[in-house]
Amino acid sequence: MIGYLRLVSQNHTVVEAHPEHPHPDLRLTKPFPELVEFCDSIKLDGLSKKDHSHIPWLVLLYKYLQIYKSQNNGDVPTSYKQKNAFKEIIRQGILRNEDGIPEDEENFQEAIAAVNTALHETKVTSSLQVLLAHSLACEITGKSSNFWILCQALKEFIDCEGCLPLQGSIPDMTADSKTYIALQHIYKNKANQHINQMHEKANEIKLLSQGPSETITIDSVRLFCRNISNLSLVNCRSLELEFNAKTTNTQLLAHKLEDVSGNDYDVGYYVMLRAADEFYKQYNKLPGWYDDQIEADIPLLKVIVNKLLSDTGLTLTIEEDYIHEFCSYGGAEIHSIAAFMGGVAAQEIIKLITGQYKPIQNTYIYNGCTQNSLVLDL
């Protein structure tokens, strides 16, 4: 009932990672001039109830953020307490009826709800810094892929502009069509400006590299810029490094074996799979292969498990239940587990081919009994 998958891939680049909860790239904490001009052109005072309730929440956040900053030495709210104070400032802007009761303005409620995500600062993350500092991004040759050429173009763009290229999309929001479309165009036009700069820089770098004559397409640059916050590089360790007692990730393995709560319980199966391979090498059969030899195979497998752990420098032991369980399996391959693992393998292959979604990092263990899975970077 145990499935095992190992991925070995070097310098696999991912552009379209498709994160579950992406942050919108709105630049409200550091607005660009065109956005400032647009937001400042909208005056909230004197608007009718209808017009007031159709101001995009993005504009509301910008305007009330200026009030908050003026009261807090130019700082942007970051802590829970500060964001609550900022939300209260926004609430004070809601229109009230003759009885002093706040009107039901959906755009203001959207603005309050967006405080926790919309004020996220778009900056060069630590993972992106590592990517841009990679030798493949610093030393462009005629054999360099477009991804690494675009990474070097991005470094030059950041040095020149002091920011990342704008992604250029905004979320849906309550607003009148004219204002919303105008706001869309402002973000889209600024993003296209950045894309054109990136496109020009990338093809200049490609030309200097004396590589293939094909230029980098504008669509490739656009895709790169839209996903710039989620670019990633996957480097799986080789099997040689993993199976070598001196180079395997002993610290992670020890930590997982010591804390066998939740999914980490399945790390024991990783040790058992390694031990089963060694058992096969020594006895030309899997443990428990013959029904009448199950009891005899248990102490033999236990010796191999203990030697595997000691060779790795670990003083820990594996619970007897693991060893008995593996011998009782007798190398059986359950069709439902095989089908599931075949689907997982196909999924990871598609990720590698398309460059979309992040593949697993090294080792994947599936427990069919508990329907839990575990990824280990050993």
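These numbers were taken from a predicted model, which means no experiment stands behind them.

Q: Is there a simple way to explain the environment of D25 in this structure?
A: In this structure, D25 sits in the loop between β2 (12-14) and α1 (33-40). A relative accessible area of 2% means that D25 is categorised as buried. In the structure, D25 is positioned 274 residues away from P299 in sequence and 59 Å away in space, judged by C-alpha atoms. What D25 contacts, discounting residues up to four positions off in sequence, is T122, P165, L166, Q167, S169 and Y187. Among the polar contacts listed, one links the side chain of D25 to the side chain of R27, at a separation of 2.6 Å. From its side chain, D25 meets the backbone nitrogen of Q167 in a polar contact 3.0 Å long.

Q: Just checking my understanding: could you explain the nonpolar core for this structure?
A: Note on soluble globular proteins: their nonpolar side chains tend to be buried together. Core analysis: the biggest nonpolar cluster contains 37 residues, and L58 and L61 have the highest contact counts within it. Elements that contribute at least two residues to this core include exactly α1, α3 (57-71), α4 (80-91), α5 (106-118) and α9 (177-208). Per-element accounting of this core gives the leading share, nine residues, to α3. Setting aside residues up to four positions removed in sequence, L61 forms contacts with L28, F86, I90, A111, A114, V115 and A118.

Q: Help me understand helix α8 (residues 146-161), please; the structure alone is not making it clear to me.
A: Side chains that are three or four residues apart share a direction in an α-helix, a result of its 3.6 residues per turn. Taking 1.5 Å of rise per residue, the 16 residues of α8 would be expected to cover 22 Å, and the 22 Å separating its terminal C-alpha atoms lies within 8% of that figure. Taken residue by residue, α8 has F147, W148, I149, L150, C151, Q152, A153, L154, F157 and I158 as its buried positions. Those residues of α8 that are buried are in contact with β2, α6 (126-132), α7 (135-138), α9, α10 (218-226) and β3 (232-234). Following α8 by one or two positions, G162 has its phi on the positive side, about 75°.

Q: Just checking my understanding: could you explain the environment of S232 for this structure?
A: Relative to the helices and strands, S232 resides in strand β3. Assessed through its relative accessible area of 10%, S232 is described here as buried. For the pair S232 and L314, spaced 82 residues apart in sequence, the C-alpha separation works out to 33 Å.

Q: I keep staring at the packing of aromatic side chains and nothing clicks. Help me out?
A: Applying the stated criterion to the full structure yields 10 aromatic pairs. Ring geometry for F340 and Y366: centres 4.1 Å apart, planes at 25°, overall stacked. With a gap of 26 residues between them, F340 in helix α16 (residues 335-354) and Y366 in strand β4 (residues 363-367) connect regions that are remote in the sequence. Taking the relative accessible area as the measure of exposure, F340 reaches 34% and is therefore partly exposed.

Q: Would you explain the pairing of strand β5 (residues 372-376) in this entry?
A: Looking along a regular strand, one sees the side chains alternate between the two faces of the sheet. Two strands pair when backbone bridges link them, and β4 and β5 are joined in this way by five bridges, in the antiparallel orientation. Bridging across to β5, N367 finds its partner in N372. The hairpin turn running from β4 into β5, its antiparallel successor, is four residues long, and Q371 in that turn takes a positive phi close to 60°.

Q: Is there a simple way to explain the pattern of salt bridges in this structure?
A: Close approach of charged atoms allows side chains of opposite charge to pair. Across all of its chains, the model carries 11 salt bridges by this definition. Of the charged contacts in the structure, one is a salt bridge between K307 and D311, with a shortest N-O distance of 2.8 Å. Of the two residues, K307 and D311 are both situated in helix α14 (residues 294-311); the distance of four residues between them amounts to about one turn of the helix. Among the salt bridges present, the one from E348 reaches K351, with a minimum N-O distance of 3.1 Å. Of this pair, E348 and K351 both sit in helix α16, three residues apart, which is roughly one turn of the helix. Judged on exposure class, the residue E348 and its partner K351 are both buried.

Q: Looking at this structure, how should I read the state of the cysteines?
A: One covalent bond between the sulfur atoms of two cysteine residues makes up a disulfide. Counted according to the given criterion, the structure contains zero disulfides. Here C39 is not disulfide-linked; the sulfur of C163 is the nearest cysteine sulfur, at 17 Å. Here C160 is not disulfide-linked; the sulfur of C163 is the nearest cysteine sulfur, at 9.4 Å. What makes C160 exposed here is its relative accessible area of 51%.

The rules behind these values
Residues numbered from 1 in each chain as written. Predicted model: local features only at pLDDT ≥ 70, side-chain atom pairs only at ≥ 80, totals over all residues. Heavy atoms only, no water. Helix = DSSP H or I, 4+ residues; strand = E, 2+ residues; numbered from the N terminus. Buried < 20%, exposed > 50% of the residue type's maximum accessible area, 1.4 Å probe, protein only. Contact = heavy atoms within 4.5 Å. Polar contact = N/O pair within 3.5 Å; in protein donor to acceptor, adjacent residues only side chain to side chain. Core = buried A, V, L, I, M, F, W, Y, C linked by side-chain atoms within 4.5 Å. Expected span 1.5 Å × (residues − 1). Phe/Tyr/Trp six-rings, centres within 6.5 Å; stacked < 30°, edge-to-face > 60°. Pairing = 2+ DSSP bridges. Salt bridge = Lys/Arg side-chain N within 4 Å of Asp/Glu carboxyl O. Disulfide = S-S within 2.5 Å.

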